[in-house]
Amino acid sequence: MQEIPVVLIGHKDHGKSTLIGRLLLDTKSIKESRVKEIKEVDESDGKQFELAHLVDSFYQEREREMTIDTTRALLRGQKRNYQLIDVPGHAELIANMLTGAAGAEGALLVVDITEGIKPQTIRHLEIAKLLGIEQLAVAVNKMDKIFYREKKFEETTEKLREILNKIGYSPEDTYFFPVSAREGENVTKESKRMTWYQGPTLMEFLENEIKDPVSFENLPLRFLVQDKYFEGQDEILVGRVESGILKTRQEILFLPENKKVRIISIRDSESELKEATAGQNIGIALSENFNISRGALGSCLDSVPKVSDHLSGEIFWIDFPSRKDLACECGTSQVKGELQEPKEIKAGEKSFYRIKLEKPIAFDPQSKIILGKIVLKDQGKIIGVGNIK
């Protein structure tokens, strides 16, 4: 059954892990033996059982009562399955959030109605937009703490609509759900305590409103070279088909070398293949050997990526760079570059950027695949993640 990746975002302690735990428990997506095991661990720790502990995998997390790493859980629906991605809401762990959110088809923002909108709430929304996540819903959580009052819910959603509009999301196209993850209100079953709410439950939204992801197989061919080795006289390029379909006897173009070559054979770890599709890691033999290495990109001839030594777009700054010379990663390429803009950088904020690279690279501007995004590193440390426009 198809799995739809959905990332849960929001400020710390607003109930992301608890909401996932409720979804897993109510849909029987987690084994009873696992629930029993976690309850026993909590009891031995002298603590009350928490739904969030169904998600938090490490004992350290149960001790600190915070999610410290990206966690993925399989939610079983009636129509399809969902890969729920739980990411940290803590500012110091923002890099993990970026890793978790990349590749998600939709995002569910969780807001604690008793605390309201926090700076981290806004940052997570900005990152989701930056990463190209267009399908968004909002779960206004902990409604039980305010006795399920409609007026407070409407006041909170009105403020959220203003923020969404500023970031670039359409408030009219966004669903807002009043929920209590702890009590199970309006999560998988209609709430009897919020009869004023006439919309779908959160689970109904997932089943009926989240669109199926676009298949990367239907996009133009992009083959990312990771390594190479020699088998006798034949040079074998090892890499991943990021999008499209690669076939034997097909003529492709390698960039930035601008070299046309024909595919002689395709193989995986077990056998030779007639073709390889998006997501497969393979080795290919070419009609001729030439100087190509990690970072090169194989493309179909009728829809080629852009090649340039200048990149620009929007970037989220995790940390402040110690110098202008940075390492820029896009796909499997890593090239040194000089940051030209912005002149002033604030960690934890988004800005426009412009960087001049030492040599040209191939990329796909505004693409959902990895070739539309960059990672900037300063002495091996990730300091920024952004898109390419």
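Anyway, here's the lowdown on the structure attached to this text.

The rules behind the values
Residues numbered from 1 in each chain as written. Predicted model: local features only at pLDDT ≥ 70, side-chain atom pairs only at ≥ 80, totals over all residues. Heavy atoms only, no water. Helix = DSSP H or I, 4+ residues; strand = E, 2+ residues; numbered from the N terminus. Rg over C-alpha atoms; globule rule 2.2 N^0.38 Å. Buried < 20%, exposed > 50% of the residue type's maximum accessible area, 1.4 Å probe, protein only. Contact = heavy atoms within 4.5 Å. Pairing = 2+ DSSP bridges. Axes fitted to C-alpha atoms, helices over the stretch in contact; angles between N-to-C directions. Left-handed = near helix turned anticlockwise from the far one by under 90°. Nonpolar A, V, L, I, M, F, W, Y, C, P; charged D, E, K, R; others polar. Core = buried A, V, L, I, M, F, W, Y, C linked by side-chain atoms within 4.5 Å. Patch = residues over 30% accessible without salt bridge, like charges linked within 9 Å, V, L, I, M, F, W, Y side chains within 5 Å. Areas by Shrake-Rupley, 256 points an atom, 1.4 Å probe, with all protein chains shown as cover. Salt bridge = Lys/Arg side-chain N within 4 Å of Asp/Glu carboxyl O. Lys, Arg positive; Asp, Glu negative; His and termini not counted. Charge placed at Lys NZ, Arg CZ, Asp CG, Glu CD. Expected span 1.5 Å × (residues − 1). Arc of directions from axis to C-beta.

**As for the overall build of the protein chain**
Helix and strand counts for the protein chain stand at seven helices and 21 strands. Rg of the C-alpha trace for the protein chain: 23 Å, near the compact-globule value of 21 Å for 389 residues, within the 12% margin. Oriented by its inertia axes, the alpha-carbon framework of the protein chain measures out at about 70 × 50 × 40 Å. Buried positions account for 52% of the 389 residues belonging to the protein chain. The contacts of the protein chain with a sequence gap of at least 6 include a subset with a gap of at least 24, amounting to 68%.

**Observations regarding the pairing of strand β21 (residues 381–387)**
Counting buried positions along β21 yields five of seven residues, so the element is predominantly enclosed. The pairing of strand β16 (residues 306–317) with β21 spans three bridges and is classified as antiparallel. Residue pairing across strands places I315 opposite G386, the latter belonging to β21. Pairing geometry for strand β20 (residues 373–378) and β21, over six bridges, is antiparallel. Bridge pairing in β21 places V375 opposite V385.

**Re the packing of helix α5 (residues 119–130) against helix α6 (residues 150–167)**
Their axes nearest at 10 Å, the elements α5 and α6 cross at an angle of 40°. Classified by chirality, the crossing of α6 by α5 is right-handed. Contacts from I122, L125, E126 and K129 in α5 reach I163, L164 and I167 in α6. Looking at side-chain class alone, the contact of α5 with α6 contains five nonpolar, no polar and two charged residues.

**Observations regarding the sheet that holds β21**
What the six strands build is a closed barrel, ordered β16-β19-β18-β17-β20-β21; its pairing is antiparallel. When strand polarity is set aside, the average angle formed by the axes of neighbouring strands in this sheet is 40°. α5 rests against β16, β19 (350–363) and β21 of the sheet, and its axis sits at about 160° to β16.

**As for the nonpolar core**
Grouped together as the largest cluster of nonpolar side chains are 31 residues, with contacts concentrated most on L19, L84 and L206. Core analysis: the next-biggest nonpolar cluster, separate from the first, contains 26 residues, I146, L160, I167 and F176 among them.

**A short note on the environment of E257**
Structurally, the position occupied by E257 is in the loop between β10 (251–255) and β11 (259–267). In this structure the C-alpha to C-alpha distance between E257 and L376, which are 119 residues apart in sequence, comes to 23 Å. With near-sequence residues (within four places) excluded, E257 lies in contact with N291, I292 and A296.

**Overview of unusual backbone geometry**
Generally, phi is negative for residues other than glycine and the peptide bonds are trans, each holding for most cases. In the segment running from L255 into P256, the intervening peptide bond is cis, with an omega of 10°. Relative to the helices and strands, P256 is located in the loop between β10 and β11. P342 follows E341 through a cis peptide bond whose omega is 5°. Position of P342 among the secondary structure elements: in the loop between β18 (333–341) and β19. A positive phi angle, near 65°, is found at D13, a position not held by glycine. Tracing the chain through its elements places D13 in the loop between β1 (3–9) and α1 (16–26). Notably, N258 is not glycine yet its phi reads approximately 60°, a positive angle. Structurally, N258 can be placed in the loop between β10 and β11.

**Thoughts on a negative patch on the surface**
Taken together, the side chains of E150, E154, E158 and E162 make up a negatively charged region of the molecular surface. You can see E154 is positioned in helix α6. Judged by its relative accessible area of 40%, E154 is partly exposed.

**Thoughts on the pattern of salt bridges**
This model, assessed by the stated rule, comprises 16 salt bridges. For K129, the salt bridge identified is with E134, shortest N-O distance 3.0 Å. Given the relative accessible area of 23%, K129 is considered partly exposed. Shared partners join several salt bridges into a network, and the residues in it are E314, K350 and K389.

**Overview of the environment of P171**
Looking at the element boundaries, P171 is found in the loop between α6 and β6 (175–178). On a C-alpha basis, the gap between P171 and V214 in space is 23 Å, while along the polypeptide they are 43 residues apart. What P171 contacts, discounting residues up to four positions off in sequence, is R161, L164, N165 and F176.

**With respect to α6**
Since the α-helix packs 3.6 residues into each turn, any two residues three or four apart lie on the same face. Across its 18 residues, α6 extends 26 Å between first and last C-alpha, which sits within 8% of the 26 Å expected from 1.5 Å per residue. Of all the residues in α6, the buried ones are F153, T156, T157, L160, I163, L164 and I167. Projection of α6 onto a plane perpendicular to its axis shows the buried side chains occupying an angular sector of 120°, all on one side. Exposed side of α6, more than 90 degrees from the buried face: K151, K159, N165 and K166 are the residues found there. Of the surrounding elements, those touching the buried residues of α6 are β4 (106–112), α5, β5 (135–141) and β6. Looking one or two residues past α6, G168 carries a phi angle of roughly 120°, positive in sign.

**Comments concerning α5**
Its 12 residues give α5 an end-to-end C-alpha distance of 16 Å, which sits within 8% of 16 Å, the value for a rise of 1.5 Å per residue. All of the buried residues along α5 are Q120, T121, H124, L125, I127, A128 and L130.

Coordinates in, geometry out; function isn't part of it.
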